[in-house]
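Observations on chain architecture
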Amino acid sequence: MHLNRVDNIRCGIILLAAVLLLPQARAVDILTQHNDLSRTGANIAETILTPGNVNSTNFGPFFTDSVDGQVYAQPLIDENLSIAGGTHDVVFVCTESNSVYAFDADTPGITYWHVKLGTPFTPSCSDLEPVVGITGTPVVDPGSGTLYVDTKLEAGPAQELHALDITTGNEKFGGPVTIAAPNFSATLEHQRPGLLLLNGVVYLGFGSHCDDGSYHGFLIGYNATNLSQVAVFNASLTGSQSAIWSGGMAPAADTNDNIYVMTGNGSFDGTNNFGESMIKLSPNLTVEDYATPSNWVTLNNGDTDFGSGGPVLLPTHYVVGIGKDGILYLADVNNMGHVGHFVQGFQAQSSGDTVGKSPVYWQGPTNQYLYVLHANSQTKSYEFTGTNIVTTPLGTASFSMSDRCGGLSLSANGTTNGILWEIGSDSNLRAYDAVNFPKVLCTNSIGSYVKMTCPTIANGRVYVGTSDSVEVLGLTNHLYMQSGIANPVLTWVAGTLLQATNLLGPWTTNATASPFTIVPTNSETFYRLQIK
């Protein structure tokens, strides 16, 4: 637990009452792709990072943990987890080599567990290479302490769903189970979207790998406690294709437990086949409604997948999505309109071969914002009025993504202190002032980026998956503390630790570099710190 992060305290002795009034950081977990079931991409409980302190002077790299493959899945964060005999903040990282790591989220070089879940699949094309293992972002159930993740295996080939104990990495519930369904090919199918956990069911979306063969778009549900299959949706039941891949976006779910996905090129008839569509599904995966662009035939003919990004739910009853053609579509979830009857659709971005993500949504201090990233384009911000999207952008970034774009996430403290985080195709992490977009707060190199990946922001830190690591960035003039263990470890980037104490004292005078281990003199777990 981070009990306090003290920024450049240079005073002498602070009165006890003043110490008790120091702001406390709220621990925040990020347990699913893009933060919530609406897939807004916004962590609105970030109390540390602000547009005022994120700048080139105070914000930068903290440390790097190396991994054994590319990180396409978004890192997930579990704060205050009882693990390894103490209470720690943990970041879960998955790789295309079928590895899952549980790293300490605050301190470099600490791996609580690492499991290798079989030899990854060797592809026959360059769509994702050199191996395909874990691509979709896993999901964590904090109640049962379980991480659910899909792997693609060379042997078979096969796709498997694993349920891992988040404290040990051990298999649970008799797992893994092999993914199977009528017309499902483990070789042809690719588990690209993030996983959805909804009311005790884990849902996995599948599309194609390399556009090879007669594949189908699948959404398949498994009971979260015994891993039995409970529902199957084939988006091209009597046809072909209609992939559910979504640029890595997980299926969205509303408060009535309806599930939303978008599909790519494929057969369409509105009865058994739903290619190039935005689809509303019941929990048992029956089609309740859908919306399809009127030019779906043209989209098919041009390989211009409508479902290259995933749906994002907006208040109070809307869903938004964008495809390769750069048209931003808004639909009413209460009446999606079937073919050609969206509430709105306009050219928000230029056409590109791939789309990294659908929009990020944030309710700011005065406006509702949509931030739209697209291949071969500059990120833009738009205003959502509550019933429609204002078609003139509020701001346009200067950096233009390449054909294989990165991804977006946002941090804010409620409706204030919004920061938009962008992983660029130039291997840079950009922080934008979300209200005054496109004002750039700072830019940091992140090594070799992986296409379509999103950063994770939690508790003053930014976590970025790369081709061979997870990069951790934060405020370089803050101290980050662990507690709940016998000897808390303090880490910082710049300066020298001068003094540290628990709340009741006595003072310990140091002249040491990071990391530094505090040996408590009593049971108190609050520490007051000074750094130069």
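Residues numbered from 1 in each chain as written. Predicted model: local features only at pLDDT ≥ 70, side-chain atom pairs only at ≥ 80, totals over all residues. Heavy atoms only, no water.

As for the state of the cysteines
Simply put, the disulfide is a covalent bond whose two ends are the sulfur atoms of two cysteines. Tallying each qualifying case throughout the model produces 1 disulfide. A disulfide bridge connects cysteine 125 with cysteine 210, and the sulfur atoms are separated by 1.8 Å. Given an S-S torsion of about -75°, the disulfide between cysteine 125 and cysteine 210 has left-handed geometry. One end of the pair, cysteine 125, is in the loop between strand S6 (111–116) and strand S7 (139–141); the other, cysteine 210, is in the loop between strand S13 (201–208) and strand S14 (218–223), and 85 residues separate them in sequence. (Disulfide = S-S within 2.5 Å. Helix = DSSP H or I, 4+ residues; strand = E, 2+ residues; numbered from the N terminus.)

Remarks on the nonpolar core
Of all hydrophobic cores here, the largest spans 20 residues; its most connected members are Phe92, Val100, Trp113, Leu147, Val149 and Leu164. Looking at this core, the elements with two or more residues in it are strand S3 (76–83), strand S4 (86–94), strand S5 (99–104), S6 and strand S8 (146–153). The next biggest cluster of nonpolar side chains, apart from the first, holds 19 residues, and it includes Leu161, Ala181, Phe184 and Phe206. (Core = buried A, V, L, I, M, F, W, Y, C linked by side-chain atoms within 4.5 Å. Buried < 20%, exposed > 50% of the residue type's maximum accessible area, 1.4 Å probe, protein only.)

Looking at unusual backbone geometry
Here glycine 156 and proline 157 are connected by a cis peptide whose omega angle stands at -15°. Tracing the sequence through the fold places proline 157 in the loop between S8 and strand S9 (158–165). Of note, the amide linkage connecting glycine 175 to proline 176 takes the cis form, showing an omega dihedral of 0°. Counting through the fold element by element, proline 176 comes out in the loop between S9 and strand S10 (177–178). Phi is positive for aspartate 211, close to 60°, though the residue is something other than glycine. Residue class for aspartate 211 comes out partly exposed when judged on its relative accessible area of 48%. Positioned with a positive phi, serine 427 is a non-glycine residue whose angle comes to about 60°. As for its placement among the helices and strands, serine 427 is situated in the loop between strand S30 (416–423) and strand S31 (428–433).

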